[in-house]
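Survey of secondary and tertiary structure
Chain by chain, the residues:
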Amino acid sequence: KIFQAIVSCIGSDGTIYIIPKSYEIALNKLMAEIQNTFKGLGLLIPYCWKKGEACVVRGSDTLWYRGQIVEVSGSTLQVQYIDRGYIESIPQCHLYPTTFYTGIPPFCIPCQLHKTLPIGNFWQQDAVDYLQELLKNEEVEIHVEELPDNPWGKLSISLYFGGMSLSSFMAYQKYCVAEDCQDIQKLGVFEGDLSPSYLLQPLPVPGETFPVTVTHLVSPKEVYICLDSSGNLTKHSATERAASSDSESLNKALKWCNKIVKTLPHLTNFKKELPCLAEYVDGLWYRAKLLSITQLVPVQILVQFVDYGTYLVAPTSRLRHIPCHLLKYPVQAVRVLLAGFRPAADDRNVERIPYSPEWSLKALWTMVDCVEGKRLSASILTVSPEVTISLYGDDKNLVHLKLIEMGLAELDE
């Protein structure tokens, strides 16, 4: 069985507690019922607590949760939140004995990684801390491998986050030995002799109108677009639906990569067009490709962020190996030329685009205003030798008409 789940906590012994996504509605309903039943403080009169006894416990967020006494020691008790998994030391005044809700099984499931042996035969504290930091409150994919011998035992699972096997990843980090390490290569941390490359984004058929966003402008005529899955057109083509699904999955995978990026090795191979992860100015890491070395001392590399089209000159410290599973998603940004206009012959603006001097900077900034943050649509005219499109604004008019009105461009048949 394969299902999505939220990791609620990691036990001190490395037990992974998960709440299946399919349980969420029932758990929320139970929590609401408990809040309505129990109000005010816990039990303030003396009470003889017993190990294994059911209770409700008032958490630090002032909500009541189902609990079970794990250990009794004076005025403080060790209590496990049975629907979350974690164990806390709780003063007796925050507890209430109850027989309510004891017929409902716990919503969280204790799990262990299948055929995975921690170093030293038990999970070391630094490994537990790392698992907690990596997984807590995150959505993951669970593959059930083996059922426990008794109902209260641990489910033996394979856990995948962002397309990566947790067992393989922890084995790579030297926290454990995984018997089935078939996807350790998928981590993409070994250079080998491979020359990986990105997949290209499939485009809608010429003549079909589809929603897009402009992610980067090189000049008023040369831009990068992404198929916009949030566009409000009446129906989406199969290409757009696939692009939308790819985009969501890619964003999830990149979120995970940002969590583990420090474990990925720095680049040592600077071959042109080589896929990599690069750190942008916002401190996050995105998919990129190497274009050229712009400076030798210190080394500075020109990279392009393939899902946006933007460029950055970065030191090698901001470049990392890309996990191979990130290569299965097509590049999100497509370079296109806009049809129907050309630079105005009588544009007297002195400030020009340095790398494209036929255009004035004013024309570029005007085009930025026309497309930035706007709901646009496009129609492909040709795909060879270069992808050429007609680009329409949210008023359904061609975006370049504004430049022509201002004398910054002229019609080009």
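Looking at an unreviewed UniProt entry, the protein carries the name RING finger protein 17, with the source organism given as Alaudala cheleensis.

Check the secondary structure of the protein and you find six helices and 27 strands. Its C-alpha atoms give the protein a radius of gyration of 28 Å, more than 25% over the compact-globule value 22 Å for 413 residues. Each of the 413 residues in the protein was classed as buried or not, and the buried ones make up 47%. For the protein, restricting intrachain contacts to residue pairs at least 6 apart in sequence, the fraction spanning at least 24 positions comes to 61%.

Here we come to the nonpolar core. By size, the foremost hydrophobic cluster in this structure holds 31 residues, and its most contacted members are Leu135, Leu159, Phe161, Leu166 and Met170. Looking at which element gives the most residues to this core, the answer is helix α2 (residues 125-135), with six residues. Each residue touching Leu159, except ones within four places of it in the same chain, is listed here: Val7, Ile16, Leu113, Leu135, Val140, Glu141, Ile142, Met164, Ser165 and Leu166.

Turning to the pattern of salt bridges, a few remarks are in order. One pass over the structure, following the stated rule, counts 13 salt bridges. Two residues, Lys255 and Glu138, come together in a salt bridge whose shortest N-O distance is 2.7 Å. A residue pair is termed long-range when its members are at least 10 positions apart, and Lys255 in helix α4 (residues 238-260) and Glu138 in the loop between α2 and β10 (139-146) qualify at 117 residues. Residue classification places Glu138 among the buried positions, given a relative accessible area of 13%. Note that Arg287 and Asp307 form a salt bridge whose closest N and O atoms lie 2.7 Å from each other. Residue Arg287 is found in strand β17 (residues 285-295), and its partner Asp307 is found in the loop between β18 (300-305) and β19 (311-315); the two are separated by 20 residues along the sequence.

Attention shifts here to the UniProt feature "domain: Tudor" (unreviewed entry) in the protein. Those places that UniProt annotates as "domain: Tudor" (unreviewed entry) correspond, in this numbering, to residues 48-105 and 269-329. Each end of residues 48-105 is marked by a C-alpha atom, and these two atoms are 25 Å apart; helix forms 0% of the span and strand 50%. Helix makes up 0% of residues 269-329 and strand 48%, whereas the separation of the span's terminal C-alpha atoms amounts to 22 Å.

Next up on the list: the pairing of β10. Relative to β10, strand β1 (residues 2-10) runs antiparallel, the two being bridged by five bridges. If you follow Gln4 over to β10, its bridge partner there is Glu141. Alignment of β10 against strand β11 (residues 155-161), held across five bridges, turns out to be antiparallel. Bridge pairing in β11 places Ile142 opposite Leu159.

Moving on: the sheet that holds β19. Pairing within the open sheet is antiparallel, and its five strands lie in the order β19-β18-β17-β16-β20. Looking at the sheet topology across the chains shown, the edges are occupied by β19 and β20 (319-320). When β17 meets β18, the two strands line up antiparallel, connected through six bridges. Bridging from a neighbouring strand, Lys289 pairs with Gln304 of β18.

Moving on to helix α1 (residues 24-37). Its 14 residues place the ends of α1 20 Å apart at the C-alpha level, agreeing with the 20 Å of an ideal helix rising 1.5 Å per residue. Along α1, the residues that are buried comprise Leu27, Leu30, Met31, Ile34 and Gln35. Buried positions in α1, seen along its axis, are confined to an arc of 140° and lie on one side of it. Summarising the geometry of α1, the exposed residues directed more than 90 degrees from the buried face are Ile25, Asn28, Lys29 and Asn36. Buried residues belonging to α1 abut β2 (16-20), β3 (54-58) and β4 (64-73).

Turning to the packing of aromatic side chains, a few remarks are in order. Counted under the stated rule, the structure contains 17 aromatic pairs. Pairing Tyr286 with Tyr308 gives two aromatic rings, centres 5.7 Å apart and planes at 85°, and the pair type is edge-to-face. In this pair, Tyr286 is assigned in strand β17 and Tyr308 in the loop between β18 and β19, connecting sequence segments 22 residues apart. Judged by relative accessible area, Tyr286 falls into the buried class, the value being 16%. Looking at Tyr308, the relative accessible area reads 37%, which means it is partly exposed. In this structure an aromatic cluster arises from ring pairing among Phe38, Trp64, Tyr96, Phe100 and Tyr101. The ring of Trp256 carries the charged tip of Lys255 above its face, separated from the ring centre by 5.7 Å.

Reading the values: the criteria
Residues numbered from 1 in each chain as written. Predicted model: local features only at pLDDT ≥ 70, side-chain atom pairs only at ≥ 80, totals over all residues. Heavy atoms only, no water. Helix = DSSP H or I, 4+ residues; strand = E, 2+ residues; numbered from the N terminus. Rg over C-alpha atoms; globule rule 2.2 N^0.38 Å. Buried < 20%, exposed > 50% of the residue type's maximum accessible area, 1.4 Å probe, protein only. Contact = heavy atoms within 4.5 Å. Core = buried A, V, L, I, M, F, W, Y, C linked by side-chain atoms within 4.5 Å. Salt bridge = Lys/Arg side-chain N within 4 Å of Asp/Glu carboxyl O. UniProt positions renumbered as here; feature names shortened; annotations may be inferred. Pairing = 2+ DSSP bridges. Expected span 1.5 Å × (residues − 1). Arc of directions from axis to C-beta. Phe/Tyr/Trp six-rings, centres within 6.5 Å; stacked < 30°, edge-to-face > 60°. Lys NZ or Arg CZ within 6 Å of the ring centre and 35° of its normal.

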